[in-house]
Amino acid sequence: MITARISAEDDFEGWRNQCRGLMRLGAPPADVVWQVGEQRTDLFASPEANIEAAPIGVPEGFAELARSVICHSDPERFALLYQLLIDLKARRRHMGDKADPLIRKLEMMAKNVRRDIHKMRAFLRFRRVEEAEGEEHFVAWFEPEHHIVRTNAAFFVRRFAGMKWSILTPQLSIHWDRKKLLEASATSKTDAPTEDTIEEQWKTYYSSIFNPARLKVNAMLKEMPKKYWHNMPETALVTELIQSARNREVAMIEKDIVPSVADTLATLHAKANRCRRCPLNGPATQLVYGEGPADARLMFVGEQPGDQEDRAGRPFVGPAGQLLDAILAEAGVDRTQAYMTNAVKHFKFRPEGKRRIHERPNVGEINHCRWWLKREIELVKPNLIVALGATAARSLTGRSLAVTSNRGQLFESLEGTPVLVTIHPSYLLRLPDAETSERERALFVADLQNARKRVYQ
Ligand code: URA
């Protein structure tokens, strides 16, 4: 084993020098142990790789990627980058290969680091501390996820060149005295001030201008991750203000959108579009209402729109919908004759870079949306409803039903309509092997044939 030591968590130059030495020695990645910080006395210490070596040429894009990844908090990053470097030099991998799992992993790490850098710039807040002789000193506390403080220091120096400031973090603290930047050890949050007079004035001003009609609460929430709220003076009031604003907003809107007996599917849809009964409307692109003949004899209820449904504004048009279409055809069910809808009408997701990852709606969200499903059922009056998956079964029957043990069985919706419970088509998309997939698909076809017979024969 060879120990490759670098001086600090974000020591890119140190890592690069060690790589040069290791490559000259021909050290395979598996034989290298990476360590950060001063050398400790260790009876069983391995030989240290500390060899000066000439620069090595690296493919375009690698150095930039490595500079970012070095700041990531994953202790494996040094080894992963060294592995990539070795493979690139041996032409086993190519920087342009976007499908390469190692390159993808490292690119994702670099992206997380860049995001953390951005968050520190956007959400760090200085608080004023008065020093002897009335000198002002601005102090901020920030908890980065990655080792980005040094990388970000130049930005704060440029941006606040004329102020004396300190940024305290659990990793290290940096201090600017208007001339030079100093670095000191980590601090604890209790060393950072929490209140100052400017903040008080700011909060008073902020609460007076806070008007949900002018300020989109959800847009603000999206921009300002909760994790940073406690460091920001203006957000000391936000939770309270948002809650009362939301209550006012919901009360106002609910008065306007309560379904009435005079509603048609179209007027109901228009009302549902303005629904704010749960927070899912905020991040979603649009509400996805049911579609199909107003007198359909068969109704399908899914869980919630997915990414593609959210963009298209129509239910079951994405991968699960396309699979459902194929299986409906196999079961002899004409989709155009059925009413297709969902238990929850907005797409619930968590962002991951540019992707939106589906998240299951919770019971509160299902219950809030039940209002709209109930009116759809009352208006369409289907003879049978097929519940696709557990969320639909829960919403329709009010019961928590395990789909695997209840599939193919009949229950009753809260309105008294027969409900046939079966799997959700996306379940088939997640199955690991062809054999299970075929078996489950055949059972699904049989459930849908059963539904067709009950309704049309
Ligand atoms: N999954 C659902 O449950 N509904 C849709 O509309 C699409 C995917």
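Novice: What exactly am I supposed to notice about the overall build of the chain here?
Specialist: Looking only at helices and strands, one finds 16 helices and 15 strands in the chain. When the accessible surface of the chain is summed, it comes to about 23,700 Å², and 52% of that surface belongs to carbon and sulfur atoms.

Novice: Looking at this structure, I do not really get the pattern of salt bridges. What am I missing?
Specialist: A side chain with one charge can pair with a side chain of the opposite charge if their charged atoms come near. Within the structure shown, the criterion is met by 28 salt bridges. The residue Asp310 makes a salt bridge to Arg356 at a minimum N-O spacing of 2.8 Å. One end of the pair, Asp310, is in helix 10 (residues 307–312); the other, Arg356, is in strand 12 (residues 355–358), with 46 residues separating them in the sequence. Residue class for Asp310 comes out buried when judged on its relative accessible area of 0%. Residue Arg356 is classed as buried on the basis of its relative accessible area, which comes to 18%.

Novice: What exactly am I supposed to notice about the site of the ligand here?
Specialist: The ligand sits among Gly302, Glu303, Gln304, Pro305, Gly306, Glu309, Pro315, Phe316, Asn342 and His424. Contacts to the ligand include Phe316, whose backbone N or O atom sits 2.9 Å from an oxygen atom. The side chain of Asn342 places a nitrogen or oxygen atom 2.7 Å from a nitrogen atom of the ligand. Calculation on the ligand without its partners gives an accessible area of 240 Å², and the protein chains cover 94% of this total.

Novice: Would you mind showing me how to read the nonpolar core here?
Specialist: Here is a general trend for soluble globular proteins: nonpolar side chains tend to be buried in one another's company. By size, the foremost hydrophobic cluster in this structure holds 54 residues, and its most contacted members are Leu298, Phe300 and Leu448. Per element, the largest residue contribution to this core is six residues, and it comes from helix 12 (residues 363–380). In this structure, Leu298 is in contact with Val333, Ala338, Tyr339, Pro382, Leu384, Val386, Ala451, Val455 and Tyr456, ignoring residues within four places of it in sequence. With 29 residues, the next largest nonpolar core counts Phe12, Leu84, Ile86 and Ile103 among its residues.

Novice: Quick question: what am I supposed to make of the sheet that holds strand 13 (residues 384–388) here?
Specialist: Each strand in a sheet pairs with its neighbour through backbone hydrogen bonds, running either in the same direction (parallel) or in the opposite one (antiparallel). Here five strands make up an open sheet; going across it, the order is 10-9-13-15-14 and the pairing mixed. The open sheet has two free edges, formed respectively by strand 10 (339–342) and strand 14 (410–412), since each of these has just one partner strand. Geometrically, the sheet is characterised by an average inter-axis angle of 30° between neighbouring strands, direction not taken into account. Pairing between strand 14 and strand 15 (residues 418–422): three bridges, direction antiparallel. Looking at the pairing, Leu410 lines up with Leu420 of strand 15.

Novice: Any chance you could explain the environment of Gly313 here in plain terms?
Specialist: Residue position: Gly313 is located in the loop between helix 10 and helix 11 (319–330). Every residue in contact with Gly313, bar those within four places of it in the chain, is listed here: Gln286 and Val288.

Novice: Honestly, the packing of helix 11 against helix 16 (residues 434–456) in this entry has me stumped. Any pointers?
Specialist: The interhelical angle for the contact between helix 11 and helix 16, taken along N-to-C directions, is 60°, at an axis separation of 9 Å. Comparing the axis directions of helix 11 and helix 16 gives the class oblique. The way helix 11 lies across helix 16 gives a crossing that is right-handed. Of the residues in helix 16, those touching helix 11 at Leu323, Leu324, Ala326, Ile327, Leu328 and Glu330 are Arg441, Phe444, Val445, Leu448 and Gln449. The residue inventory of the contact of helix 11 with helix 16, partitioned by class, reads eight nonpolar, one polar and two charged.

Novice: I would appreciate a short explanation of the pairing of strand 10 in the present structure.
Specialist: Look at any regular strand and the pattern is simple: side chains alternate between the two faces of the sheet. What you see with strand 10 is no split at all: Tyr339 and Thr341 on one side and Met340 and Asn342 on the other are buried throughout. Across four bridges, the pairing between strand 9 (residues 298–302) and strand 10 is parallel. Bridge pairing in strand 10 links Phe300 to Met340.

Novice: Got a minute to help me understand the side chain of Thr422 in this structure?
Specialist: Inspection of the secondary structure assignment puts Thr422 in strand 15. Accessibility expressed as a relative area gives 0% for Thr422, which makes it buried. At 2.6 Å, the side chain of Thr422 forms a polar contact with the side chain of Asp447. Those residues in contact with Thr422 that lie beyond four places of it in its chain are Val386, Ala387, Leu388, Gly389, Val403, Arg407, Phe444 and Asp447.

Novice: What exactly am I supposed to notice about the side chain of Lys271 here?
Specialist: Residue position: Lys271 is located in helix 9 (residues 265–273). Since its relative accessible area comes to 14%, Lys271 is described here as buried. Separated by 3.0 Å, the side chains of Lys271 and Asp263 make a polar contact.

Novice: What is the right way to look at the packing of aromatic side chains in this model?
Specialist: In this description, an aromatic ring pair is defined by two values, namely the gap between the centres and the angle between the planes. A complete count under the given rule lists twelve aromatic pairs for this structure. Three or more aromatic residues link up through ring pairs in this structure, and these residues are Phe12, Trp15, Trp34, Phe62, Phe78 and Tyr82. One residue, Lys345, lies across the ring of Tyr289, its end atom 5.7 Å from the ring centre. The lysine or arginine in question, Arg356, covers the ring of Phe349, its NZ or CZ lying 4.8 Å from the ring centre.

Novice: Any chance you could explain the confidence of the model for the chain here in plain terms?
Specialist: Any region with low pLDDT has predicted coordinates that should not be read closely. Taken residue by residue, the chain gives an average pLDDT of 85. The fraction at 70 or more is 81%. Every residue in residues 40–46 is under pLDDT 50, and counting partners more than four places away or in other chains gives four contacts.

Novice: Would you mind showing me how to read unusual backbone geometry here?
Specialist: Comment: phi is negative for the bulk of residues other than glycine, and the bulk of peptide bonds are trans. Not every positive phi belongs to a glycine, and Arg91 is a case in point at roughly 60°. Positionally, Arg91 belongs in the loop between helix 3 (77–89) and helix 4 (101–123). Taking relative accessible area as the criterion, Arg91 reaches 69% and is therefore assigned exposed. A positive phi angle is found at Lys381, which is not glycine, with a value near 50°. Mapped onto the elements of the fold, Lys381 is located in the loop between helix 12 and strand 13.

Novice: I tried to follow the pairing of strand 8 (residues 181–184) on my own but got confused; where do I start?
Specialist: Where strand 7 (residues 173–176) lies against strand 8, four bridges are found, and the strand directions are antiparallel. What sits directly across from Ser173, in strand 8, is Ala184.

Quick notes on the rules
- Residues numbered from 1 in each chain as written.
- Predicted model: local features only at pLDDT ≥ 70, side-chain atom pairs only at ≥ 80, totals over all residues.
- Heavy atoms only, no water.
- Helix = DSSP H or I, 4+ residues; strand = E, 2+ residues; numbered from the N terminus.
- Areas by Shrake-Rupley, 256 points an atom, 1.4 Å probe, with all protein chains shown as cover.
- Salt bridge = Lys/Arg side-chain N within 4 Å of Asp/Glu carboxyl O.
- Buried < 20%, exposed > 50% of the residue type's maximum accessible area, 1.4 Å probe, protein only.
- Near = heavy atom within 4 Å.
- Polar contact = N/O pair within 3.5 Å; in protein donor to acceptor, adjacent residues only side chain to side chain.
- Core = buried A, V, L, I, M, F, W, Y, C linked by side-chain atoms within 4.5 Å.
- Contact = heavy atoms within 4.5 Å.
- Pairing = 2+ DSSP bridges.
- Axes fitted to C-alpha atoms, helices over the stretch in contact; angles between N-to-C directions.
- Parallel < 35°, antiparallel > 145°, perpendicular 65-115°, else oblique.
- Left-handed = near helix turned anticlockwise from the far one by under 90°.
- Nonpolar A, V, L, I, M, F, W, Y, C, P; charged D, E, K, R; others polar.
- Phe/Tyr/Trp six-rings, centres within 6.5 Å; stacked < 30°, edge-to-face > 60°.
- Lys NZ or Arg CZ within 6 Å of the ring centre and 35° of its normal.
- pLDDT = per-residue confidence, 0-100.

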